[in-house]
Amino acid sequence: MAHDPLIFQSRGLIVGTYKSRTMTYTAKLKVSFDTEWTPSYSSGMYDDETLPEEHYTFEIPCEDINTIQLFRFFGTVARSMGHNEIGIMKGACSLAFNDMRSEEDMKKIAYEFDLKLSEEYSKEFAQMQDEIYDLKAKLSRCQQPENPQYTDEEMDAMTYQEWNGVVPGSPEAVEKGCKCPVMDNEEMSEERKWVNADCPLHGKVK
Ligand SMILES: [Zn+2]
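What counts and what doesn't
Residues numbered from 1 in each chain as written. Predicted model: local features only at pLDDT ≥ 70, side-chain atom pairs only at ≥ 80, totals over all residues. Helix = DSSP H or I, 4+ residues; strand = E, 2+ residues; numbered from the N terminus. Buried ≥ 20, exposed ≤ 12 C-beta atoms within 10 Å, placed from the backbone. Contact = placed C-beta atoms within 7 Å. Axes fitted to C-alpha atoms, helices over the stretch in contact; angles between N-to-C directions. Parallel < 35°, antiparallel > 145°, perpendicular 65-115°, else oblique. Left-handed = near helix turned anticlockwise from the far one by under 90°. Nonpolar A, V, L, I, M, F, W, Y, C, P; charged D, E, K, R; others polar. Core = buried A, V, L, I, M, F, W, Y, C linked by C-beta atoms within 7 Å. Pairing = 2+ DSSP bridges. pLDDT = per-residue confidence, 0-100.

**Topic: the overall build of the protein chain**
Helix and strand counts for the protein chain come out as seven helices and three strands. Across the protein chain, helices and strands are ordered from the amino to the carboxyl terminus as β-β-β-α-α-α-α-α-α-α. Looking at the protein chain as a whole, 9% of its 206 residues qualify as buried. The long-range fraction of contacts in the protein chain, counting pairs at least 24 apart against all pairs at least 6 apart in sequence, stands at 42%.

Rendered as structure tokens:
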């Protein structure tokens, strides 16, 4: 859209007005958006897709507006300014989920919108992983009931239990204080991992 020799100017103004009369309360929220294209070359014709000037005023009564309606309004403003839907969604989400928020607050909001935070997911993942190892071990025993030795799957399940249910070097293990190699373990198969003797989770010396 924008050509180099054009200068894009935009001004935004947000005004909140609160008037209170006897026993009545009125409140209005007004946002204005002004743009102007200034061609920098002398002949300066406007691109036929560009409006030389745009002045928009958005106004809503807000006596009893809730935050959801308020953000719907700001969404409309952002859309008129040229932001796309994904960008608007991202903006709204980054307000809710960022490093400055308390985890507790973010969890509340995530729960309300039926979202799962990655740390919850990792807990669930570990539980399911645990179950998978257990079922695989049981299945292998059913298939080879006469095997006098542990089956590979039984060994894997025991290894996993020995790992306290968290794979050495995995993000959920690191979160719990694992000191095993991370990078080296990424290349290893699921059942065989490098273990650090100093690791409080995996380094038990027997
Ligand atoms: Zn570890």
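**What about the environment of glutamate 154?**
Along the chain, glutamate 154 falls in helix α5 (residues 152-162). A C-alpha to C-alpha distance of 8.0 Å links glutamate 154 and tyrosine 133, two positions 21 residues apart in sequence. Beyond its immediate stretch of four places on either side in the chain, glutamate 154 contacts Ala137, Ser140 and Arg141.

**Remarks on unusual backbone geometry**
A positive phi angle, close to 60°, is found at aspartate 114, a residue other than glycine. By the element assignment, aspartate 114 lies in the loop between α3 (103-112) and α4 (118-143). Residue class for aspartate 114 comes out exposed when judged on the 6 C-beta atoms lying within 10 Å of it.

**Some details on the packing of α4 against α5**
Remark: α4 packs on α5, axes separated minimally by 8 Å, with the N-to-C direction vectors making an angle of 155°. The angle between α4 and α5 places the two elements in the roughly antiparallel class. Crossing of α4 over α5 shows left-handed handedness. Judged by residue contacts, Asp130, Tyr133, Asp134, Lys136, Ala137, Ser140 and Arg141 of α4 engage Glu153, Glu154, Asp156, Ala157 and Tyr160 from α5. Among the residues making up the contact of α4 with α5, the classes are represented as four nonpolar, one polar and seven charged.

**What about the nonpolar core?**
Judged by nonpolar contacts, Tyr133, Ala137, Ala157, Tyr160, Trp163, Val166, Val167, Ala173, Cys178 and Cys180 together constitute the single largest core of 10 residues. Mapped onto this core, the elements with two or more residues apiece are α4 and α5. Aside from chain neighbours lying at most four places away, what touches cysteine 180 is Pro168, Gly169, Ala173, Asn185, Lys193, Trp194, Val195, Asn196, Cys199 and His202.

**As for the environment of alanine 157**
Within the element layout of this structure, alanine 157 appears in helix α5. Taking the C-beta count within 10 Å as the criterion, alanine 157 has 22 such neighbours and is therefore assigned buried. Separated by 19 residues in sequence, alanine 157 and lysine 138 place their C-alpha atoms 9.6 Å apart. What alanine 157 contacts, discounting residues up to four positions off in sequence, is Tyr133, Asp134, Lys136 and Ala137.

**Section: the pairing of strand β3 (residues 53-61)**
With respect to burial, β3 is a largely exposed element, only zero of its nine residues being buried. Bridging between strand β2 (residues 24-39) and β3 involves nine bridges; their strand directions are antiparallel. Opposite aspartate 34, over in β3, you have histidine 55 as the bridge partner.

**Focus: α3**
When you tally the buried positions in α3, you get zero out of 10 residues, a small fraction of the element. One or two positions beyond α3, positive phi appears at aspartate 114, with a value near 60°.

**Structural notes on the confidence of the model for the protein chain**
With 84% of its residues at a pLDDT of 70 or more, the protein chain shows a mean pLDDT of 84. Below a pLDDT of 50 lies the segment residues 1-6, which in the model reaches 10 contacts outside its immediate sequence neighbourhood of four places, other chains included.

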